[in-house]
Amino acid sequence: MNPQAKLIFTISLMLGTTITISSHHWVMAWAGLEINTLAILPLISKSHHPRAIEAATKYFLTQSAASALLLFSSMTNAWHTGQWDITQMTHPVSSLILTAAIAMKLGLVPFHFWYPEVLQGSPLTTGLLLSTIMKLPPITLLFMTSPSLNPTLLTTMAILSAALGGWMGLNQTQIRKILAFSSISHLGWMAIILVYNPKLTLLNFYMYALMTAAVFLTLNSMKVLKLTTLMTAWTKTPSLNAMLLLTLLSLAGLPPLTGFLPKWLIIQELTKQDMAPAATIISLLSLLSLFFYLRLAYCTTITLPPHTTNHMKQWHISKPTNMLIAILTTMSITLLPMAPMILTII
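Reading the values: rules and limits
Residues numbered from 1 in each chain as written. Predicted model: local features only at pLDDT ≥ 70, side-chain atom pairs only at ≥ 80, totals over all residues. Heavy atoms only, no water. UniProt positions renumbered as here; feature names shortened; annotations may be inferred. Helix = DSSP H or I, 4+ residues; strand = E, 2+ residues; numbered from the N terminus. Expected span 1.5 Å × (residues − 1). Buried < 20%, exposed > 50% of the residue type's maximum accessible area, 1.4 Å probe, protein only. Contact = heavy atoms within 4.5 Å. Axes fitted to C-alpha atoms, helices over the stretch in contact; angles between N-to-C directions. Parallel < 35°, antiparallel > 145°, perpendicular 65-115°, else oblique. Left-handed = near helix turned anticlockwise from the far one by under 90°. Nonpolar A, V, L, I, M, F, W, Y, C, P; charged D, E, K, R; others polar. Domains from an automatic or database assignment. Buried area = accessible area lost by both parts, 1.4 Å probe. Patch = residues over 30% accessible without salt bridge, like charges linked within 9 Å, V, L, I, M, F, W, Y side chains within 5 Å. Areas by Shrake-Rupley, 256 points an atom, 1.4 Å probe, with all protein chains shown as cover. Salt bridge = Lys/Arg side-chain N within 4 Å of Asp/Glu carboxyl O.

As recorded by an unreviewed UniProt entry, the protein chain carries the name NADH-ubiquinone oxidoreductase chain 2 and is attributed to Prunella modularis. In its Catalytic activity (unreviewed entry) section, the UniProt entry covering the protein chain states "a ubiquinone + NADH + 5 H(+)(in) = a ubiquinol + NAD(+) + 4 H(+)(out)". Quoted straight from UniProt, the Subcellular location (unreviewed entry) entry for the protein chain says "Mitochondrion inner membrane".

Take a look at the structure:
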């Protein structure tokens, strides 16, 4: 892709995100989301492969439908209450339509079908944008409207997301699809706590974005897309592989790594809200995701499975690791001891 075109699309992405997260009026928020969608489409389809074109088409159709629903819910609310302010979403039907629209934007169950397909058809760098930056504006809208959302609906969607994200990721061999189902599972954790403590949702999102960015950039550096190539990648960059192992375990939420912090705080908050059964169910469902993270980690390290594929071992590369990857992986592994300071900030 032309560097100037790439620069324009990247600036448009930042502009769309900034407009949505800083707006008070529903129409401005909608305009920001539209700019975001139009800016990411060329980045998804830049390889001109039929799968990439298909991914871009699916993304466009689902995001357009979600934006139309969002506009419809805000207009319904304005019709009944006379308010266009985002924080004044008080009409119950409007709140339900808004929840469906943002769930479609994010890829929450039952509107998750497009997400793994789109991520599979995108390059790894675009997949990183789809998993992190593109999720920030919808989550910000959920954060601003959280007092008027339906807790039962959100809890149901959250538990279903954690279940399907874990269940459907079990038999995948494509790493981008595994990361897509991992994202759906993490969205479940964000949605379940949204009504009770919205700041925890944002904390969970920031931690998830940090760890996912580390994983995507590491995989992009190693040029790995499938489990079979991941099995033989340890000869190329052994130290980077060891860091990827720890980052994946952190993404799974194992103590004493960074990913344990949001899960721990969410379970604690749910227990305080007399939602111990929901906390138990979502904790048990995260074991499903743990299985495929462990499988990825197992393939990442030198412990090769018994039935190795007939892949050539790759040459060791002695080029220095990208500084950004080093910073992100370090933060993805070591932030848990800083929990008290992070909690004082939020």
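On we go from here.
Trainee: Let's hear about helix α9 (residues 175-193): which residues, and what values?
Mentor: The end-to-end C-alpha distance of α9, which contains 19 residues, comes to 28 Å, matching closely the 27 Å that a straight helix rising 1.5 Å per residue would cover. Burial of α9 is extensive: 19 of the 19 residues sit out of reach of the surface.

Trainee: How would you summarise the UniProt feature "transmembrane region" (unreviewed entry) in the protein chain if you had to cite specific residues and measurements?
Mentor: UniProt records the feature "transmembrane region" (unreviewed entry) at residues 56-75, 95-115, 152-171, 178-196, 202-219, 240-261, 281-304 and 324-345, using the numbering of this structure. The annotated region residues 240-261 carries 68% helix and 0% strand content, and the separation between its end C-alpha atoms amounts to 24 Å. Between the end C-alpha atoms of residues 324-345 the distance is 24 Å, and the span holds 82% helix and 0% strand.

Trainee: Can you break down the environment of I266 residue by residue, with the values?
Mentor: Inspection of the secondary structure puts I266 in helix α13 (residues 260-272). Sequence-wise, I266 and A214 are 52 residues apart; in three dimensions their C-alpha atoms are separated by 23 Å. Ignoring sequence-local partners within four residues, the contact set of I266 consists of W189, I192, I193, L200 and N204.

Trainee: Could you give an account of unusual backbone geometry, naming the residues involved and the relevant values?
Mentor: P110 follows V109 through a cis peptide bond whose omega is 10°. A cis amide bond, omega 5°, links P255 with the succeeding residue P256. Mapped onto the elements of the fold, P256 is located in the loop between α12 (238-252) and α13. Phi angles above zero are rare outside glycine, and K223 is one such case at about 55°. Along the chain, K223 falls in the loop between α10 (198-222) and α11 (227-231). Backbone geometry places D274, a non-glycine residue, at a positive phi of 60°. Its location among the elements puts D274 in the loop between α13 and α14 (276-300).

Trainee: Describe the packing of α10 against α12, naming the residues involved and giving the relevant values.
Mentor: Where α10 meets α12, the closest approach of the two axes is 10 Å, and the angle between their N-to-C directions is 150°. Taken together, the axes of α10 and α12 are roughly antiparallel relative to one another. The handedness of the crossing between α10 and α12 comes out as left-handed. In contact with Y208, M211, T212, A214, V215, T218, L219, S221 and M222 of α10, α12 contributes L240, N241, L244, T247, L248, S250 and L251. For the contact of α10 with α12, the per-class residue count stands at ten nonpolar, six polar and no charged.

Trainee: Quick rundown of the domain arrangement of the protein chain? Include the residues and the values.
Mentor: As far as domains go, the protein chain holds domain 1 (1-107) and domain 2 (150-345). In this structure, domain 1 and domain 2 have C-alpha centres spaced 26 Å apart. If you look at the interface, domain 1 gives five residues, while domain 2 gives six residues. In total, about 440 Å² of surface goes out of reach between domain 1 and domain 2, with carbon and sulfur atoms giving 78% of it.

Trainee: Please set out the side chain of T247 residue by residue, giving values where relevant.
Mentor: Topologically, T247 is positioned in helix α12. Among the residues examined, T247 registers a relative accessible area of 1% and is labelled buried. When residues no more than four places from it in sequence are discounted, the contact partners of T247 are M211, A214, V215, T329, S332 and I333.

Trainee: Pulling in residues and values, what's your account of a nonpolar patch on the surface?
Mentor: Residues M338, M341, L343, I345 and I346 make up a contiguous nonpolar surface patch of roughly 440 Å² in combined accessible area. Take L343: it is sitting in helix α16 (residues 339-345).

Trainee: Lay out α10 in plain terms, naming residues and giving numbers.
Mentor: For α10, spanning 25 residues, the distance from its first C-alpha to its last is 36 Å, which sits close to the expected 36 Å at 1.5 Å a residue. Within α10, 21 of the 25 residues are buried, leaving the element largely enclosed by the surrounding structure. In the stretch just after α10, K223 is the one whose phi turns positive, near 55°.

Trainee: Any details on the pattern of salt bridges? Residues and values, ideally.
Mentor: Pairing of side chains with opposite charge becomes possible as their charged atoms draw close. Enumeration according to the criterion identifies three salt bridges in this entry. Salt-bridge contacts for K58 lead to E54; the nearest nitrogen and oxygen are separated by 2.7 Å. Of this pair, K58 and E54 both sit in helix α3 (residues 50-81), four residues apart, which is roughly one turn of that helix. A salt bridge links E117 to K58; the shortest N-O distance between them is 3.8 Å. Remark: K58 occurs in helix α3 and E117 occurs in helix α5 (residues 114-121); sequence separation between them is 59 residues. Accessibility expressed as a relative area gives 30% for E117, which makes it partly exposed. Classification of K58 by relative accessible area gives partly exposed; the value is 29%. It is possible to trace a salt-bridge network through shared partners that takes in E54, K58, E117 and K177.

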